[in-house]
Amino acid sequence: MDKVMEKPKKMRLFIGSSVDFLPVDEDMAGKLAEHFLCPIKFVEPANIHLTWKFLGDTESTKVDEVVNTIEETVSEASNITIKFDKFEIWRKRNIPSLLVLTGIDMNKNATELYQKLDKAFEKLGIPSSSRT
């Protein structure tokens, strides 16, 4: 009897922080849709977050290592200050997909944290993401 090898299951992962954000009212949503010349759908405020690192499709067997790596790396981080300064539109297949609020790392601590996470995940075989 042939043994069928199962591929490890994968999970789509990212590291993020919750952000307190006031919901956009209908009037403001209409103005934004008019400005960007496309329909806009907002996510629920509870789903708004700051993405630190996109890990992508990761083997489920690596989840514990990922969690440990995050805990170790983040425990060293301190005093991160980000000033959110502009909107960008990210496209998928040349169609507007996400309206993203981008920021400036005021004291370079967020950049340092990102670089440490990137190096730590490379050791786990999780490549650097193309979007930073």
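Residues numbered from 1 in each chain as written. Predicted model: local features only at pLDDT ≥ 70, side-chain atom pairs only at ≥ 80, totals over all residues. Heavy atoms only, no water.

Caption draft 1: Quick peek at the nonpolar core. Membership of the largest hydrophobic core is limited to 11 residues, which are Leu-13, Ile-15, Trp-52, Leu-55, Val-66, Ala-110, Leu-113, Leu-117, Phe-121, Leu-124 and Ile-126. Elements represented by at least two residues in this core include exactly β1 (10–18), β2 (49–59) and α3 (109–123). Counting residues per element, this core draws most heavily on α3, at four residues. (Core = buried A, V, L, I, M, F, W, Y, C linked by side-chain atoms within 4.5 Å. Buried < 20%, exposed > 50% of the residue type's maximum accessible area, 1.4 Å probe, protein only. Helix = DSSP H or I, 4+ residues; strand = E, 2+ residues; numbered from the N terminus.)

Caption draft 2: Examining α3 more closely. The end-to-end C-alpha distance of α3, which contains 15 residues, comes to 22 Å, matching closely the 21 Å that a straight helix rising 1.5 Å per residue would cover. Just downstream of α3, Gly-125 is the residue with a positive phi angle, here 85°. (Expected span 1.5 Å × (residues − 1).)

Caption draft 3: Representation of the pattern of salt bridges within the structure. For the coordinates displayed, the defined rule picks out five salt bridges. For Lys-53, the salt bridge goes to Asp-118, with nearest N and O atoms at 2.6 Å. With Lys-53 in strand β2 and Asp-118 in helix α3, this pair connects stretches of sequence that are 65 residues apart. Accessibility classification places Lys-53 together with Asp-118 in one group, the buried group. (Salt bridge = Lys/Arg side-chain N within 4 Å of Asp/Glu carboxyl O.)

Caption draft 4: Just a nonpolar patch on the surface, in detail. Taken together, Phe-21, Phe-42, Phe-84, Phe-87, Leu-99 and Leu-101 make up a surface patch of nonpolar side chains, about 510 Å² in accessible area. Mapped onto the nonpolar patch, the elements with two or more residues apiece are β3 (82–92) and β4 (95–105). Along the chain, the position of Phe-84 falls in strand β3. The class for Phe-84 is partly exposed, based on a relative accessible area of 38%. (Patch = residues over 30% accessible without salt bridge, like charges linked within 9 Å, V, L, I, M, F, W, Y side chains within 5 Å. Areas by Shrake-Rupley, 256 points an atom, 1.4 Å probe, with all protein chains shown as cover.)

Caption draft 5: Spatial organisation of the side chain of Lys-53. The exposure class of Lys-53 is buried, given its relative accessible area of 1%. For Lys-53, the side chain forms a polar contact with the side chain of Asp-118, separated by 2.6 Å. (Polar contact = N/O pair within 3.5 Å; in protein donor to acceptor, adjacent residues only side chain to side chain.)

Caption draft 6: Structural detail: the packing of helix α2 (residues 63–74) against α3. Between α2 and α3, the least distance of the axes is 10 Å, while the angle of their chain directions is 145°. In this structure, the crossing between α2 and α3 has a hand that is right-handed. Facing α2, whose interface residues are Val-66, Thr-69, Ile-70, Thr-73 and Val-74, α3 presents Leu-113, Lys-116, Leu-117, Ala-120 and Phe-121. Split by residue class, the contact of α2 with α3 holds seven nonpolar, two polar and one charged. (Axes fitted to C-alpha atoms, helices over the stretch in contact; angles between N-to-C directions. Left-handed = near helix turned anticlockwise from the far one by under 90°. Contact = heavy atoms within 4.5 Å. Nonpolar A, V, L, I, M, F, W, Y, C, P; charged D, E, K, R; others polar.)

These results come straight from atomic positions and should not be treated as a statement about function.
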